[in-house]
Each structure stands twice: as C-alpha cells, then as structure tokens.
Amino acid sequence: MNNDITAATQQVKEWLEKFNKVIERGDFNQAVEMFADDCYWRDLVSFTWNIKTLEGKNDIKLMLEATVPNIQPRQWSIEGEASSSNGIIESWFTFETEVARGKGHIRLKNHQCWTLFTSMTELKGQVEKTGATRPLGVEHGAAKHRQTWSVTKNQEEAELGYSQQPYCVIIGGGQGGIVLGARLKSLAVPTIIVDKYQRPGDAWRKRYQSLCLHDPVWYDHLPYLPFPDHWPVFTPKDKMGDWLECYTKIMELNYWSSTECTSAYFEPATKEWVITVNRDGETVVLRPKQLVLATGMSGKPNIPQFPGAELFQGEQHHSSMHPGAEPYRGKKCVVVGSNNSAHDICAALWENDADVTMIQRSSTHVTKSEAVMKFLLGDLYSESAVAAGITTDLADLIFASIPYKILPSFQIPVFAEIAKQDADFYQALEKAGFLLNFGEDGSGLFMIYLRRGSGYYIDVGASQLIIDGKVKLKSGTNIAQIKQHSVVLTDGTELSADLIVYATGYQSMNSWAAELISQEVADKVGPCWGLGSDTAKDPGPWEGELRNMWKPTLQEALWFHGGNLHQSRHYSKFLALQIKARWEGIATPVYG
C-alpha cells in the first residue's frame, strides 16, 4: 500500500477518534480547535434537522452546543482509505446519532479540518423496504379470503384521500413530486401527489417540441430505478415524459392526475392543512399534516408588460406555453430572452424556416455542451466515472460535500480553462454582437444557476446559428412598444412580427404559495432559491444554502421541493427523511 495513503488514512482515523472523544465529553472549545481558521461544516439533516452550513469556528461551536446533547453523535469511523493531494487529505466516514445513521466527508489541511460534511442516511428502525428488507409480495401457503396484490393496491387508492387521510400531500407531479413521492412510498409514509395534467410526464410532453435535457444521462437518474444502459445521453422531452409515467406506475405511487388545487390553509389548532382540490370534476378536501410544493425550482411565468401588447394582431405567449415551431413556418418571429428556452425556441423556429430574431436584453453565460461534459461533469457523472466506481449516490455526496461559500474557488479555474479552450467560439459569438459573461466573479454556469436559476445557455447548436446570422440578434436592447404587426425596440429599431415569444423566465417558487395559500404565507416564507450572494438577482444577506429548499420554512409543515433532476434525486432523500421522522413522532429540533 502507498505510504502516503497509509499516513493519510491514519491521520483521518486519529482526527475522528479525537473528535469523537472531545464532543462526547462536551468540550466544544477543544472541538473547534481541531478546525482550521477558515473552516466549514455542511450538514444535511443529521445534526441540525435542517440543511445548514456553518462557517467558521464560532458558528460550529454554537451548533455543537445546541445539538450534541440531543442527538448524541458517536461511532465516528473512517470508510475505506483516505487520499492526499496538494496538501489536502480527504476521506469518507460513517457515524451514528441517537436516532439515525449517517455518512460524512472530511478534508484535512495541516492536520486540521478544513471542510466537514455530514448527512443522514437512514433513521434507525425505519429503513426503506429495499434490498434485503424488500417485501415478500405474496404469502406462501393457503388462507381463506386473502387479498391479491391488485385488490390491496386498488383498495388503498380508493381509500386514501377519502376514508383515510394522507400524512403528506405533494402539489406538483413533475419530476420533483414524483421522486419525492417514491422516497416517501419506500419509507411507508401515506402520500398523495396532485397534478393538473392528465398523465404523469405531461409537464414535459406539453412543452415545445425541440425540448430535450441539456444534462447527460449519468446526471439525471431517478432514485431506485436508473435509466437503462441503452438510454440516450440527452433525453428528448417526450421520452422523459414516458419514463416518468412508467416510473410512477412501477413505484406504485398514489398519483392524482387531472387534479387541481384550488385552495390550502393551515389550521394551527389541529396542526393540519385543509386542501381543496378539483379531482376530474369532483371536489375533494384533503387534510394532511405536511404540504410540499413541488412545482419546480420556479414559480409562475414572468411575462413582461409592454405598451401596446393588447393591440398586437399576431400571436404572443410565454415560452412555457409555446407549442413548437411547426405552425410558424415562413412567419416573422421575435423571441424575447437569451437563456436556454430562448435559444432552443430560436433554433427550432429557424429549422422550420421561420424568420427569427432574438432580443437579448442583458448579458448571458454560455457553455458548450461538450465543455459541460468534459470539464464540469466528467469526473463524477460519465461512463468513465461509473467505470471508476463512482456511483450516482457517491457522485451526489462528493458534490454536496463542497460548501457553497468555497465552490466558486473550485469553479473559477475550470471556467478559465473552458474560456481558453473555446476562445474562438466565444470570440465569434461576441463578434456577432452577443453579450457574454462568466458570472460576476468568473465562476460560471453552476454558480449562476445556484444564485439566480437563470441567465445561462448550455450550447447544443443555437450559438452557431447566431454566429452565422441565421438567427438574427438584437442585443443590449428591449421592447419599447408593440404595434399591430411589429415591435419597436428601445434603440429605435422596428421589427415586423407575426409571433412574439416571451422566454423571460419565472417568478420565485413562493408565488405559488401566494396563489394557493395566501400572500401573507408567501411573505412570511420569503424567496425560494438563491444563496444570498449579493450578485445579480441574488440579493443578500448570505444564506450559505439555497433559500427555503428541501428544509423547514417559517410556515410550519410547508416545504418546497424542486430543481433539476440531479437536485430532485439527491435532496428528495433528505426531505423525505425529515417528513418520515415527523410521521413517526421523532423529535426534530431544527437548528438555524
């Protein structure tokens, strides 16, 4: 065995053993002296019953003082061998608390802890019915009047929401609601998923025809049921819709399609929600203890109001309602916006022989898909990563182990290399008039996504159309006025138009809370998403985690769940564990 690895492993073992003893006797002053001055501890539920990052020794000490007496952490044990590179020693470890088991990651620098990551893996005595604990499915032998699987399943579906109330209701049956429903099903938490569309997956099927995932398949697996090995690298929207529908059936989820929530309010006296839904024409009142809004990472469509819009004689709609390019062959089309949807729609319109102009109001970050695969995801989410033994769950934990505060320092050199490799591409885009940025600090795609959830395009071909002038571009301008058959821009240009597409993004997720519950609750909860980085569209103060996502909010028993497929898969586990603990009556004192 390599002597460096042996020494690194020994150093981690000694740190964990000492830390275990120090916090066991409640000596938190000595505990924090084991951390570097610039230290971080990111916890997913295990210590804080929250998703929380502690930054600096004082934050860590306060957390330990508040949580250790209750959770009683113990049995810190290294998992596998440590690694050492550039003066940093890294290792995985396991640990336990009074009610749970966990997995963590540590980075040591000069024998002190630089970053610590702790995550809950399971609640003791409440393990998922998978693998060795899977159900038999049938009782062998003979018994009078016993029910078959289908009869039992149909009975449960008929009773839940009527004679039996669910413990949790998830509003939104897209990818987020479905994977959270699967997690809760595996944990035996009675749950109903409510969605307005006719079939699971319709949220994908009903988008514009050219839509496909810009993330590769290894990044997008669903829990319990990964995509098969023949699945394409980039999934088309209808294929994704069909997969979600199949997944819903295979996982035996209680999925109420053609169901729209009309109102919801929380009764403090009974500690339950009163949710009125219209289920295919029938009014049903649900009374769950927990309510999850799983409406994606975004809220209601953000549709700008331009003078004269009511006079326009052509068609105008938000990108979320865009039916596809086919009806607009030969038409003059204006697309307002310059992020993923805008580029996809412009490219599809051009492919269908439309005359299309993109209105780029402000600068946009662009990363080529090949660069995303090579530089950003390749080490964790790729065929080579799988061959190296990096499972999807392990890749998720590796990524989660990096505190958001220092993530830019990991990303800046990567995007500097991308900018260098694709310099000719970026130069050509700028020559075409496209306004580019790499984020305010040069940290690129991931940080822009985390900070604001918009402002970027993963290039799968539309950028070359702009470079070649096939998709026309008007940048640094906006619509000043809309006439019957044209739009007038703030720079004085007038463009003939038969179609205007507003690819202008979405409001915060809490806009759905305002509509379904009340503006008072939405204001109490505050914005969803963003880190508080004090950059464009992500105002401070610094949060250190995504605001209000997958964790307790200031409205009791209200949760938000969303994000891309990677986030929906990874964080659904920790949201499900928080809900399961409450279902089982386990004390969950939330820190922070």
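Please read these numbers as outputs of a predicted model, since none were measured by experiment.

Attention shifts here to the overall build of the protein. Broken down by element type, the protein carries 18 helices and 24 strands. Its C-alpha atoms give the protein a radius of gyration of 26 Å, near enough to 25 Å, the size a compact globule of 592 residues would have. Dimensions along the principal axes, computed over C-alpha positions, put the protein at roughly 75 × 65 × 50 Å. Looking at the protein residue by residue over its 592 residues, the buried ones come to 53%. Looking at the protein alone, contacts between residues at least 24 apart form 64% of all its contacts between residues at least 6 apart. When the accessible surface of the protein is totalled, it reaches about 25600 Å², and 50% of it is carbon and sulfur. Taking the 57 positively charged and 69 negatively charged side chains of the protein as two groups, their mean positions are separated by 2 Å.

Let us look at the state of the cysteines. Disulfides are covalent bonds that link the sulfur atoms of two cysteine residues. Applying the stated criterion to the full structure yields zero disulfides. Lacking any disulfide linkage, C39 is separated from the closest cysteine sulfur, that of C113, by 7.2 Å. This cysteine, C168, is not joined by any disulfide, and C261 carries the nearest cysteine sulfur, 13 Å off.

Ordered in space as β20-β21-β22, the three strands form an open sheet in which the pairing is antiparallel. With partners counted over all chains shown, the strands left at the sheet margins are β20 (479-482) and β22 (494-496), one partner each. Across the sheet, the mean angle from the axis of one strand to that of its neighbour is 25 degrees, orientation sign disregarded. Judged from the three bridges that link them, β20 and strand β21 (residues 486-489) form a sheet pairing that is antiparallel. Bridge pairing in β21 links Q481 to V488.

Within the secondary structure layout, R547 lies in the loop between α17 (519-525) and β24 (558-560). Contacts of R547, omitting those with residues within four sequence positions, involve P527, C528, W529, G530, L531, G532, D538, P539 and P541.

Conventions and cut-offs
Residues numbered from 1 in each chain as written. Predicted model: local features only at pLDDT ≥ 70, side-chain atom pairs only at ≥ 80, totals over all residues. Heavy atoms only, no water. Helix = DSSP H or I, 4+ residues; strand = E, 2+ residues; numbered from the N terminus. Rg over C-alpha atoms; globule rule 2.2 N^0.38 Å. Buried < 20%, exposed > 50% of the residue type's maximum accessible area, 1.4 Å probe, protein only. Contact = heavy atoms within 4.5 Å. Areas by Shrake-Rupley, 256 points an atom, 1.4 Å probe, with all protein chains shown as cover. Lys, Arg positive; Asp, Glu negative; His and termini not counted. Charge placed at Lys NZ, Arg CZ, Asp CG, Glu CD. Disulfide = S-S within 2.5 Å. Pairing = 2+ DSSP bridges. Axes fitted to C-alpha atoms, helices over the stretch in contact; angles between N-to-C directions.

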